[in-house]
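Take a look at the letters that make up each chain.
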Amino acid sequence: MLRALLRSALALLSATTLAAQAAPRSSAPPLNAPDPLHEPGQNVAVSLLTMGNGTEVWEMFGHTAIWIHDNVTGRDTVFNWGVFDSHQPHFIPHFLQGLMLYQMGGQTLADLLYQYQYFNRSVVSQELDLSPAQKDSLLHLIQINARPENLQYRYDYFVDNCSTRPRDLLDLVLGGQLKAHSSQVTNASYRSETLRLMQGDKPLVVGVDIGLGEPADRKITMWQEMFLPRRLHDVVGTLQMRDSMGTTRPLVRGERVLFKSTRGPEAESPPNLALWLTAIGLVLALIFAWLGVRAASGSRGARIGAAIVMSLWCVVAGVLGLLLTLLWTITDHVFAHRNENLLLFNPWWLVLAVSIAITMWSGRAGRSTRMFALGLAGLSVLALLAHLVMLSSQVNLAVVGLALPPALAIAWATTRQRARTLFKAKRTPSAAQPRAASR
């Protein structure tokens, strides 16, 4: 469990983990090359490419690109905004702080199809029915984006990624019609969409659920939902453009599947974590309570077992709390800020890990152990009460179900250990008490 939860929590520090949209590394073609960017708009076809989900963490959200086909020379160039360089200066510190720099890249359509066929990920093309002037505008914007001073951008997995960049370019070309068409508020949030697509990896989805804070739970619009490539595909496919004469026509002229993977469809709803996380929490609580009873009865094996098991859980809770604290205080992972899970997992659990190991191993209750355990259990109860009195807007009841029962069981076990110590003290004759005279 420790290894799985640590893997999940550490994944939260990765800018590419939640986005999962980085394309195979490629480089943008030189601006002076005879590519479709330098053709008049009337001579090119523009298509939006949507790549399906993959198996690896960085593939779970899909990918988006813009395909420019030169109708004169037959040349194809695909531009995407999911390229990053692991050799860039200060890569690791920026990676951990959420200051990742991504950039635009280009490749041929043949190379792209080869890569996605190899990884068994679908590729869907939507040819856009843009006017020559709109195509000219789009080509010009991509050229500006390809300039050395504009090539890189500060990546954000929810608000500025490989899907939002093409979305924003298309909206500029369409005079804001795409954003106006997608202003409705949905029932989704950044958390629900993230968990929906990551649910195939249970330890990872639990870690991400713990690491996301209250900002990730606000309802998002269709426009914001297009941080996901498939959502961008769906909205573009329904948009009816209006020209200067008031005539409307579909934005998408035609759709083709360039490669169909053998994978099943992506999940349509997020997983229900509450039931099985609460079940895990209750099982842990029962184990801790049973060990606490056995340890209080004087069983040496139970004392050793309780010391190891309870201390291990405290280490897990403390390490998670340390990571949550760092995410909130020293990183720019905005959607991990204001995280109420710090009431459930915080660095003070690391102190209790040492204290409770000594208490359970020795069989003697320490006042500091009891106070720490009761205090941490009280914080966990507070996390639940915040929901009961409707003060909390964070969707974390599943995490409460995981963390609260073990916290209460550990607090109960230390209290019981204290009661046993007091009972033994009362039964032990004082050294100052006079002995009865022998006869």
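What counts as what
- Residues numbered from 1 in each chain as written.
- Predicted model: local features only at pLDDT ≥ 70, side-chain atom pairs only at ≥ 80, totals over all residues.
- Heavy atoms only, no water.
- Pairing = 2+ DSSP bridges.
- Helix = DSSP H or I, 4+ residues; strand = E, 2+ residues; numbered from the N terminus.
- Axes fitted to C-alpha atoms, helices over the stretch in contact; angles between N-to-C directions.
- Contact = heavy atoms within 4.5 Å.
- Buried < 20%, exposed > 50% of the residue type's maximum accessible area, 1.4 Å probe, protein only.
- Salt bridge = Lys/Arg side-chain N within 4 Å of Asp/Glu carboxyl O.

**Student:** Give a detailed account of the sheet that holds strand β5 (residues 123-128), specifying residues and quantitative values.
**Tutor:** Reading across from one edge, β6-β4-β3-β2-β1-β5-β11 is the order of the 7 strands in this open sheet, with antiparallel pairing throughout. At either end of the open sheet lies a strand with only one pairing partner, and these are β6 (152-154) and β11 (252-259). Across the sheet, the mean angle separating the axes of adjacent strands is 25° when strand polarity is ignored. Summarising the sheet, strand β1 (residues 44-51) and strand β2 (residues 63-70) pair through 8 bridges and their orientation is antiparallel. Its bridge partner being in β2, Ala45 is matched across the sheet by His69. Running at roughly 60° to β1, helix α5 (residues 132-145) makes contact with β1, β2, β3 (76-83) and β4 (101-107) of the sheet.

**Student:** Lay out unusual backbone geometry with the relevant residues and their values.
**Tutor:** Positive phi, close to 55°, is recorded for Asn120, a residue that is not glycine. Relative to the helices and strands, Asn120 resides in the loop between α4 (109-118) and β5. Backbone geometry at Arg338 places phi at a positive 50°, although glycine is not the residue there. The topology assignment puts Arg338 in the loop between α13 (300-329) and α14 (348-362).

**Student:** Could you give me a rundown of helix α8 (residues 190-198), with the residues and numbers involved?
**Tutor:** With 9 of its 9 residues buried, α8 lies for the most part within the structure. All of the buried residues in α8 are Tyr190, Arg191, Ser192, Glu193, Thr194, Leu195, Arg196, Leu197 and Met198.

**Student:** Got a sec to walk through the pattern of salt bridges? Specific residues and values, please.
**Tutor:** Within the structure shown, the criterion is met by 17 salt bridges. Here Asp129 makes a salt bridge to Arg253, at a shortest N to O gap of 2.5 Å. Taken together, the residues Asp129 in the loop between β5 and α5 and Arg253 in strand β11 connect sequence positions 124 residues apart. When the shortest N-O distance is used, the salt bridge between Asp332 and Arg154 registers 2.2 Å. In this pair, Asp332 is assigned in the loop between α13 and α14 and Arg154 in strand β6, connecting sequence segments 178 residues apart. A relative accessible area of 45% places Arg154 in the partly exposed class. One connected set of salt bridges, linked through shared partners, spans Glu193, Arg196, Glu225, Arg230, Arg231, Asp234, Glu266 and Glu268.

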